[in-house]
Amino acid sequence: MRKTHLFLAACFAATLTACGQSADSPETSEEQAAAEGEYERGPHNGRMLRDGDFAIEVTVFEDGVPPEYRLYAYRDNEPVDPETVRARVMITRLDGEKTTFEFEPEQDYLRGQGVLVEPHSFDVVVVASEGDNTHRWAFESYEGRVTISDEAARAAGIRTETVGPQQVGETVEIIGRVELDPSGSAEVGAKFPGTVMSLHANLGDRVARGALLARVESSSSLQTYPIYAPISGVITQRNTNIGDIADSGPMFVISDPSRTVATFPIFPRDIERVRPGQSVLIRGLEGQRAQGSRIRDFLPLAEVSSQAVTARAPLPNRDGFWRPGMAVRGLVSVDQRRVPLAVRTDAIQQFRDFRVVFAKIGETYEVRMLELGQEGPEWTEVLSGIDAGTVYASENSYVIKADIEKSGASHDH
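- Per an unreviewed UniProt entry, the protein chain is named HlyD family efflux transporter periplasmic adaptor subunit, and its organism is Pelagerythrobacter aerophilus.

In structure tokens, the structure reads:
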């Protein structure tokens, strides 16, 4: 069964215009607006373009072949012999690139001479002639495209870089877990031994630096003094109650949840390849979230039974996604080679069946489907799908993907 694919509805208000021209007056046209984001579908599930009693159905066919245009002609809703119709389709992409497709009759349709390269996102002009009449239509057909002002992009943390040559590393996979960074924690104890008179913070409370935690009556002076939080964070331990004697042990432990580390046991087989300073891409065991870091240090002692040494990598956690105890996978870059094209590994997103980045032109971002080579923690080699010199979203690109999915600017397959 022949598989056809629709031309895409526009991500925002899409305008479909239809004009009829005679051979004697090619300059004149009559425009007809279609409903926003909607269009009539033909017998082959394609986009119907009408001009009086003549119509063209535009489809994209990709069943076992690279995507190609196929056009079906109708008069009074009855098929027209493709031998009697001449047609061409002109597309203009976001970056201004223009491509014209000529057509040849084949069976009951007109077949486009050329491959329709992804992404299928462009402004389209269709021209069809039969006899002395020429018909012309123009419409927007966008996918994976969204406009975000530079101000809004900055507020969302979107950053850009330019595609070009980079050093890409061979990787070693390691499995570890998320822990609170010890340097982001503080133990809070009594200044002078004494009785705990009052408590003002509980386990799990978020406190600001300088917040009152407790009051203690000194055993020597019998004066009550306050105990304040030395840092902002969350109370992860409370080791005292009212009436207890506060001594040298910590009464509270405060930890900053935005300061986490990933810890990885490095086993003897990899200990000579993994070193401090090497880049590591950290992912959850499930999902697409990924974050780049570097091996900061190793704990001084090996685990006796496994002989593994623990490596630690900072894992900034501003949005609270990483929770202590979560299992994570790390890809450590252990060998480097220079490649002509690479993008930030963190920038790559899953879009339909493709791995993509989002090119930036003006204030518009548009998907670029990539063929990837060697993947490293920081950079991933690009074999095709984007040109050198292209500006793309290198940080927080998931914000762009979410906006595109909300707008409905996806390929109608």
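Read on, since the account is not over.
### A look at the sheet that holds strand β15 (residues 185–188)
- Spatial ordering of the open sheet is given by β15-β22-β20-β17, a layout of four strands whose pairing is antiparallel. This sheet does not close on itself; its edge strands, each paired only once, are β15 and β17 (206–207).
- Bridge analysis of β17 against strand β20 (residues 233–238) gives two bridges, and the strand direction is antiparallel. Within β20, the residue paired with valine 207 across the bridge is glycine 233.

### Considering the pattern of salt bridges
- The full count for this structure, using the stated rule, is 25 salt bridges.
- Aspartate 319 is the partner of arginine 289 in a salt bridge, and the nearest nitrogen-oxygen pair spans 2.9 Å. Taken together, the positions of arginine 289 in the loop between β24 (279–284) and β25 (290–294) and aspartate 319 in the loop between β27 (309–316) and β28 (327–344) put the pair 30 residues apart, joining distant regions of the chain.
- Using a relative accessible area of 49% as the deciding quantity, one classes aspartate 319 as partly exposed.
- Of the charged contacts, one joins arginine 368 and glutamate 366 as a salt bridge, the two residues approaching to 2.8 Å between their closest N and O atoms. With respect to class, arginine 368 is no different from glutamate 366; both count as buried.
- Here the salt bridges do not stand alone but share partners, grouping Glu68, Arg70, Glu106 and Arg111 into one network.

### Some details on the layout of surface pockets
- Estimated volume of the largest pocket: approximately 880 Å³.
- Considering the residues around the largest pocket, the lining is formed by 31 residues, among which Ala290, Gln291, Gly292, Asp346 and Asn396 are closest to the centre.
- If you list the elements that add at least two residues to the lining of the largest pocket, you get β13 (159–162), β24, β25, β29 (349–351), β34 (391–395) and α2 (397–407).
- For the lining of the largest pocket, the element with the most residues is β25, which contributes five residues.
- Grouping the constituent residues of the lining of the largest pocket by class yields six nonpolar, 13 polar and 12 charged.

### A word on the nonpolar core
- The biggest cluster of nonpolar side chains holds 23 residues, and the ones touching the most others in it are Ile56, Tyr69, Leu71, Val89, Ile91, Phe103 and Val126.
- Among residues more than four places away in sequence, those in contact with valine 126 are Leu49, Val58, Arg88, Val89, His135, Arg136, Trp137 and Phe139.

### Structural notes on the packing of aromatic side chains
- One pass over the structure, following the stated rule, counts five aromatic pairs.
- For the pair tyrosine 69 and phenylalanine 101, a centre-to-centre distance of 5.1 Å together with 80 degrees between the ring planes defines the contact as edge-to-face. On the criterion of sequence distance, the pair formed by tyrosine 69 in strand β5 (residues 68–75) and phenylalanine 101 in strand β8 (residues 98–106) is long-range, its members being 32 residues apart. Across the pair, exposure class does not vary: tyrosine 69 and phenylalanine 101 are buried alike.
- Both rings, one in phenylalanine 321 and one in tryptophan 322, keep their centres 4.9 Å apart while their planes meet at 85 degrees; by these two values the pair is edge-to-face.
- Judged by relative accessible area, which is 34%, phenylalanine 321 ranks as partly exposed.
- With relative accessibility at 1%, the residue tryptophan 322 sits in the buried group.
- Above the ring of phenylalanine 139, the side-chain terminus of arginine 47 is found at 4.2 Å from the ring centroid.
- Its guanidinium or amino end placed over the ring of tyrosine 142, arginine 145 lies 3.9 Å from that ring's centre, counting from NZ or CZ.

Conventions we followed
- Residues numbered from 1 in each chain as written.
- Predicted model: local features only at pLDDT ≥ 70, side-chain atom pairs only at ≥ 80, totals over all residues.
- Heavy atoms only, no water.
- Pairing = 2+ DSSP bridges.
- Helix = DSSP H or I, 4+ residues; strand = E, 2+ residues; numbered from the N terminus.
- Salt bridge = Lys/Arg side-chain N within 4 Å of Asp/Glu carboxyl O.
- Buried < 20%, exposed > 50% of the residue type's maximum accessible area, 1.4 Å probe, protein only.
- 1 Å grid on protein atoms, 1.4 Å probe; cavity = no way out; pocket = protein on both sides within 12 Å on 5 of 7 lines; lining within 4 Å.
- Points joined across faces, edges and corners; volume = space filled by probe spheres on them.
- Nonpolar A, V, L, I, M, F, W, Y, C, P; charged D, E, K, R; others polar.
- Core = buried A, V, L, I, M, F, W, Y, C linked by side-chain atoms within 4.5 Å.
- Contact = heavy atoms within 4.5 Å.
- Phe/Tyr/Trp six-rings, centres within 6.5 Å; stacked < 30°, edge-to-face > 60°.
- Lys NZ or Arg CZ within 6 Å of the ring centre and 35° of its normal.

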